[in-house]
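Examination of the molecular architecture
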Amino acid sequence: METLSRQTFYESVREYLRELAESGIDGLPESDETKEKNINTDLFNAQMRTSDSPPETLESLRQKIGDCKLCTLSSSRKNLVFGAGNEKARLVFVGEAPGADEDRQGIPFVGEAGGILTRIIRAIGFTRDEIYICNVLKCRPPANRNPHKEEIASCSPFLIQQLEIIKPEVIVTLGTFATQTLLNTKEPISRLRGKFHLYHGIPLMPTFHPSFLLRNKGNKQYYWDVWSDMVQVLQKLNLPVPEKNQGQG
Ligand code: SF4
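Remember, it's a predicted structure, so these values are computed and weren't measured experimentally.

Time to look at the confidence of the model for the protein. On average, residues of the protein score 85 in pLDDT, and 77% of them are at 70 or above. Segment residues 17-40: pLDDT under 50, and 19 contacts once partners within four positions in sequence are set aside and those in other chains are kept.

What follows is the structure, given as structure tokens:
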């Protein structure tokens, strides 16, 4: 696995934010409120770059994030949902943003869709404690609306740092939003899933979001598509692939 030095990591962060800007984030409304948010974000990024001791553990990163107010989602959240699992995980799942259950409990993927993700994790031979689960956004967008570009710009450095600390061997992105954000593309998930991409040298497998599977319970093909993605993940990790027949559902 390729790993990043701290210097290249921060260069990657800057490059990533530049890429986001190129993909449209520089077209933000110029209200005073937005200007203030952008200033806050710039200050935060500068602080993270110049810090004497950049976070080296998830706990220290979590402490650094504290009661984050970098974007407006801070005013409507009940809990900031940082992430859960193993700091030494070989495999990281990245979703979009917390939902109502996650916001209430402060833990990622604990609702009905979370139950599906837990079953997927078990089916490939892991427990939730052995892998790591987080989202692109750490706070719930009101009524589960799609994240706004300025929210991604504010929050994505946290995800990048989580990945830098964990250094997983494989990343699985769940659904369109997480996949498009990490791969900086507008391609639909249907075209991206089923094959590995690279995220700063780390193999990244996009697959359907558990909420999508939930909404399409009747369509077993989607479940088999996810299973076939997970088989590739296991093979990438040099792990045995459990037998599973279409009839088992
Ligand atoms: S979504 Fe991210 S940037 Fe916005 S307040 Fe929450 S933690 Fe901070």
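And the narrative resumes.
As a further point, take the pairing of strand β4 (residues 170-174). Taking burial as the measure, the five residues of β4 include five buried ones, the bulk of the element. Residue alternation in β4 divides its side chains into two sets, Val170, Val172 and Leu174 and Ile171 and Thr173, and both sets are buried. Relative to β4, strand β2 (residues 91-95) runs parallel, the two sharing four bridges. The residue of β4 that forms the bridge with Phe93 is Val172.

Within the largest apolar cluster, 51 residues are counted, with the highest numbers of intra-cluster contacts made by Val92, Phe93, Val94, Ile131, Val136, Ile171 and Val172. Counting only elements with at least two residues in this core, the list comes to β2, α5 (112-123), β3 (132-135), α6 (149-166), β4, α7 (175-183), β6 (202-207) and α10 (220-236). In terms of residue count, α6 provides more of this core than any other element does, eight residues in total.

Before going further, it helps to spend a moment on the pairing of β2. By the criterion of burial, β2 is predominantly enclosed, with five of the five residues buried. Residues Leu91, Phe93 and Gly95 of β2 are buried on one face, and the alternating residues Val92 and Val94, pointing to the opposite face, are buried as well.

Turning our attention to the site of the ligand. Around the ligand, 13 residues are found, and the nearest of them are Cys68, Cys71, Ser74, Cys139 and Cys155. For the shell around the ligand, the class distribution of residues is eight nonpolar, two polar and three charged.

Here the focus is α6. Residue pairs spaced three or four apart in an α-helix point in one direction, given the helix's 3.6 residues per turn. Compared with an ideal rise of 1.5 Å per residue, which puts 18 residues at 26 Å, α6 spans 25 Å between its outermost C-alpha atoms and is within 8% of the ideal. The axis of α6 is deflected most strongly, by about 40 degrees, at Cys155, and proline Pro157 appears within four residues downstream. At the exit of α6 stands Lys167, carrying a positive phi of roughly 50 degrees.

Time to look at α7. For α7, the tally of buried residues reaches seven of nine residues, placing the bulk of the element in the interior. Taken together, the buried positions of α7 are occupied by Gly175, Thr176, Phe177, Ala178, Thr179, Thr181 and Leu182. Asn184 occupies a position one or two residues after α7 and carries a positive phi of about 50 degrees.

Bringing the packing of helix α3 (residues 58-65) against α6 into the picture now. Two measures define how a pair of helices packs: the angle their axes make with one another and the distance between the axes. For the pair α3 and α6, the least separation of the axes is 10 Å and the interaxial angle reads 165 degrees. Classified by the angle their axes make, α3 and α6 are roughly antiparallel. When the axes of α3 and α6 are compared, the crossing they make is right-handed. On α6, the residues touching Leu58, Leu61 and Ile65 of α3 are Phe158, Gln161, Gln162 and Ile165. Taken together, the residues of the contact of α3 with α6 sort by class into five nonpolar, two polar and no charged.

A few words now on the environment of Ile160. Residue position: Ile160 is located in helix α6. The spacing of Ile160 and Val136 is 24 residues in sequence and 9.1 Å in space, taken between C-alpha atoms.

Rules used in this analysis
Residues numbered from 1 in each chain as written. Predicted model: local features only at pLDDT ≥ 70, side-chain atom pairs only at ≥ 80, totals over all residues. pLDDT = per-residue confidence, 0-100. Contact = placed C-beta atoms within 7 Å. Buried ≥ 20, exposed ≤ 12 C-beta atoms within 10 Å, placed from the backbone. Helix = DSSP H or I, 4+ residues; strand = E, 2+ residues; numbered from the N terminus. Pairing = 2+ DSSP bridges. Core = buried A, V, L, I, M, F, W, Y, C linked by C-beta atoms within 7 Å. Near = placed C-beta within 6 Å. Nonpolar A, V, L, I, M, F, W, Y, C, P; charged D, E, K, R; others polar. Expected span 1.5 Å × (residues − 1). Bend = angle between axes of the 7 residues up to and from the residue. Axes fitted to C-alpha atoms, helices over the stretch in contact; angles between N-to-C directions. Parallel < 35°, antiparallel > 145°, perpendicular 65-115°, else oblique. Left-handed = near helix turned anticlockwise from the far one by under 90°.

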